[in-house]
Amino acid sequence: MKKAVFLVLLVSFTLVSQAQEYTLADASKMTIAGSSTVHDWEVAANTLKATLVYDGTAPKQINLEVAIEDIKSERGAAMDKKMHEALKKEEHPKVTFKLTEVKNTSTLVGSLNIAGTEKTVEVPVTIEKVSEGLKISGQKKLTLQDYGMEPPTAMFGQIIVGDEVTVNFDLIFSKQ
């Protein structure tokens, strides 16, 4: 009996020790692109935090946070303010994604929380080994109203942001 328990513990320890923990590298990038009645636009998410557990074949755990305060545009403070208000920054200062499942090796399923609304999403990705560790790249189209967000307006309603945006990301994870 003691040998069986020892064997189970040894196998469990071996399986757990094979999983590698990673943190998000500074070289990671995320942008959000959309349109309006006047022009297309793009903003950068400048503060990303994430951890990943990888077993050598697929991610087992991903926790990602994006600080809304540091999502910035090249168009200046007025656009940033409207975007932060739409994202409900004061009540919900972060966008989060938590992995719940890996479908094949090219689709991540997880819980995405934006502006206080949480939804399960499927995100098509490319996962590749790089010199730093792992790179997960992809894009996901989102509809603002699905997350309880009103598309921002400007110029007394003359400029209206489109309801659909595309999140593009290149996340580079380094071993801890």
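Structure report, in brief. Only a predicted model underlies this, so the values are computations on that prediction, with no experimental measurement involved.

Rules behind the numbers
- Residues numbered from 1 in each chain as written.
- Predicted model: local features only at pLDDT ≥ 70, side-chain atom pairs only at ≥ 80, totals over all residues.
- Heavy atoms only, no water.
- Helix = DSSP H or I, 4+ residues; strand = E, 2+ residues; numbered from the N terminus.
- Buried < 20%, exposed > 50% of the residue type's maximum accessible area, 1.4 Å probe, protein only.
- Contact = heavy atoms within 4.5 Å.
- Areas by Shrake-Rupley, 256 points an atom, 1.4 Å probe, with all protein chains shown as cover.
- Core = buried A, V, L, I, M, F, W, Y, C linked by side-chain atoms within 4.5 Å.
- Salt bridge = Lys/Arg side-chain N within 4 Å of Asp/Glu carboxyl O.
- Arc of directions from axis to C-beta.
- Phe/Tyr/Trp six-rings, centres within 6.5 Å; stacked < 30°, edge-to-face > 60°.
- Polar contact = N/O pair within 3.5 Å; in protein donor to acceptor, adjacent residues only side chain to side chain.
- Pairing = 2+ DSSP bridges.

**Observations regarding the overall build of the protein chain**
Each helix and strand in the protein chain was counted, giving 2 helices and 13 strands. Looking at the 176 residues of the protein chain, the share that counts as buried comes to 37%. Taking the intrachain contacts of the protein chain between residues at least 6 apart in sequence as the baseline, contacts between residues at least 24 apart amount to 58%. With an accessible surface of roughly 10,700 Å², the protein chain has 54% of that area assigned to carbon and sulfur atoms.

**A word on the nonpolar core**
Counting 41 residues, the largest nonpolar core has Ile 71, Ile 114 and Phe 173 as the members making the most contacts within it. Residue contributions to this core peak at 5 residues, all from strand 13 (residues 164–175). If sequence neighbours within four positions are ignored, Ile 71 has contacts with Ile 32, Val 43, Ala 44, Ala 45, Val 66, Asp 80, Met 83, His 84 and Leu 87.

**Some details on the pattern of salt bridges**
Evaluated as defined, the whole model comprises 5 salt bridges. Put simply, Lys 141 and Glu 164 hold a salt bridge, and the shortest N to O gap is 3.9 Å. Here Lys 141 is found in strand 10 (residues 133–143), whereas its partner Glu 164 is found in strand 13, with 23 residues between them in sequence. Residue classification places Glu 164 among the partly exposed positions, given a relative accessible area of 44%.

**Notes on the side chain of Ser 73**
Counting through the fold element by element, Ser 73 comes out in strand 6 (residues 71–73). A residue is classified by how much of its surface remains accessible, and Ser 73, at 14% relative accessible area, is buried. Ignoring anything within four residues of it in the chain, the contact list for Ser 73 reads Glu 42, Val 43, Met 79 and Asp 80.

**Some words on helix 2 (residues 77–86)**
Listed as buried for helix 2 are Asp 80, Met 83, His 84 and Ala 86. On an axial view of helix 2, the arc spanned by its buried residues comes to 155°, and they lie on one face. Projecting away from the buried face of helix 2 at angles above 90 degrees are the exposed residues Ala 77, Ala 78, Lys 81 and Glu 85. Elements in contact with the buried residues of helix 2: strand 3 (41–45) and strand 6.

**Describing the packing of aromatic side chains**
Working definition: an aromatic ring pair is given by the centre-to-centre distance plus the angle between the planes. Counted by the stated rule, this structure contains 1 aromatic pair. Ring geometry for Tyr 22 and Tyr 54: centres 6.3 Å apart, planes at 85°, overall edge-to-face. With Tyr 22 in strand 1 (residues 20–24) and Tyr 54 in strand 4 (residues 48–54), this pair connects stretches of sequence that are 32 residues apart. By relative accessible area, which is 5% here, Tyr 22 ends up buried.

**Some details on the environment of Lys 94**
Among the structural elements, Lys 94 can be located in strand 7 (residues 94–103). What Lys 94 contacts, discounting residues up to four positions off in sequence, is Glu 65, Val 66, Ile 68 and Asn 113. Polar side-chain contacts of Lys 94 include one of 3.2 Å to the side chain of Glu 65.

**Quick notes on the pairing of strand 9 (residues 117–130)**
Inspection of the sheet shows strand 8 (residues 107–114) paired to strand 9 by 8 bridges, in the antiparallel sense. If you follow Asn 113 over to strand 9, its bridge partner there is Glu 118. The hairpin turn running from strand 8 into strand 9, its antiparallel successor, is 2 residues long, and Ala 115 in that turn takes a positive phi close to 55°. In the sheet, strand 9 pairs with strand 10 via 6 bridges, with the strands oriented antiparallel. Following the sheet pairing, Glu 128 is matched in strand 10 by Lys 135. Hairpin connection of strand 9 to strand 10: 2 residues between the antiparallel strands.

**As for unusual backbone geometry**
In the Ramachandran plot, Asn 104 falls in the positive-phi region, its phi being about 40° despite a non-glycine side chain. Mapping Asn 104 onto the fold places it in the loop between strand 7 and strand 8. The phi dihedral of Ala 115 falls on the positive side, at around 55°, and the residue is not glycine. Secondary-structure assignment places Ala 115 in the loop between strand 8 and strand 9.

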